[in-house]
Amino acid sequence: MDKKIVYFLCTGNSCRSQIADGYLKALGSDKYEVKSAGLEAHGLNPRAVATMKEDGIDISNHTSDVIDPEILSQADYIITLCGHANDNCPVVRNDKAERWHWGFDDPAKATGTEEEITAKFREVRDAIKARITQFVKEGK
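What comes next concerns the included structure.

Parameters and conventions
Residues numbered from 1 in each chain as written. Predicted model: local features only at pLDDT ≥ 70, side-chain atom pairs only at ≥ 80, totals over all residues. Heavy atoms only, no water. Pairing = 2+ DSSP bridges. Helix = DSSP H or I, 4+ residues; strand = E, 2+ residues; numbered from the N terminus. Axes fitted to C-alpha atoms, helices over the stretch in contact; angles between N-to-C directions. Left-handed = near helix turned anticlockwise from the far one by under 90°. Contact = heavy atoms within 4.5 Å. Nonpolar A, V, L, I, M, F, W, Y, C, P; charged D, E, K, R; others polar. Disulfide = S-S within 2.5 Å. Buried < 20%, exposed > 50% of the residue type's maximum accessible area, 1.4 Å probe, protein only. Expected span 1.5 Å × (residues − 1). Right-handed = clockwise from strand over helix to strand, strands pointing away.

**Topic: the sheet that holds strand 3 (residues 77-80)**
Thinking step 1. Taken together, four strands build an open sheet; the order of strands is 2-1-3-4 and the sheet is parallel. Since the sheet does not close on itself, it has two edges, and those belong to strand 2 (32-38) and strand 4 (98-101), each with one partner. For this sheet, the mean inter-axis angle between neighbouring strands, taken without regard to orientation, is 20°.
Thinking step 2. Sheet topology note: the strand 3/strand 4 ladder contains four bridges and is parallel.

See the structure below:
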């Protein structure tokens, strides 16, 4: 069975798309080839790495990449995780791809105490994990 290609897109490929990438690789790597990218490459957010590590998933070796037109044209699922990426994603010349938008708050924009910022990262992480778990269970 060929694995379906899932391409997670976000603005900077630093938090949300990295978290989604990590969870789908952990929960569905037998069914999916997982890629992530951004409209820009902002670098891997250390708080995203730490928050995922709390849940037993290591994304520290991930890289922050810009959208690759070749992967975009081959993807079976193109999933945007923020409104900016959804609104500005390049035109997809790919008739087979299903394109979805799963909007999540940007935890990198959280303000407040360290505890409040960490809580926002955990909230977004847990929401993404729930959505990825549902995706895998539905067996798209």
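**Some thoughts on the packing of helix 2 (residues 46-54) against helix 5 (residues 114-138)**
Thinking step 1. With their axes 10 Å apart at the nearest point, helix 2 and helix 5 run at an angle of 65° to one another. Remark: the crossing between helix 2 and helix 5 carries right-handed chirality. Taking contact as the criterion, the partners of Arg 47, Ala 48, Thr 51, Met 52 and Glu 54 in helix 2 are, on helix 5, Glu 114, Ile 117, Phe 121, Arg 122 and Arg 125.
Thinking step 2. Grouping the constituent residues of the contact of helix 2 with helix 5 by class yields four nonpolar, one polar and five charged.

**Some remarks on the state of the cysteines**
Thinking step 1. Evaluated as defined, the whole model comprises zero disulfides.
Thinking step 2. Here Cys 15 stays free of any disulfide, with the sulfur of Cys 10 as its closest cysteine sulfur at 7.9 Å.
Thinking step 3. Overall, Cys 15 belongs to the buried group, its relative accessible area being 3%.

**Observations concerning helix 5**
Thinking step 1. In this model, helix 5 (25 residues) spans 36 Å end to end at C-alpha, consistent with the 36 Å of a helix rising 1.5 Å per residue.
Thinking step 2. Within helix 5, burial applies to Ile 117, Phe 121, Val 124, Arg 125, Ile 128, Ile 132, Phe 135 and Val 136.
Thinking step 3. Next to the buried residues of helix 5 lie strand 1 (4-10), helix 1 (16-28), strand 2, helix 2, strand 3 and strand 4.

**What about the pairing of strand 2?**
Thinking step 1. Across the seven residues of strand 2, five count as buried, placing the element largely inside the fold.
Thinking step 2. Summarising the sheet, strand 1 and strand 2 pair through seven bridges and their orientation is parallel. Among the inter-strand pairings, Cys 10 is bridged to a residue of strand 2, identified as Gly 38.
Thinking step 3. Between the parallel pair strand 1 and strand 2, the chain is carried across by helix 1, and the sense of this crossover is right-handed.

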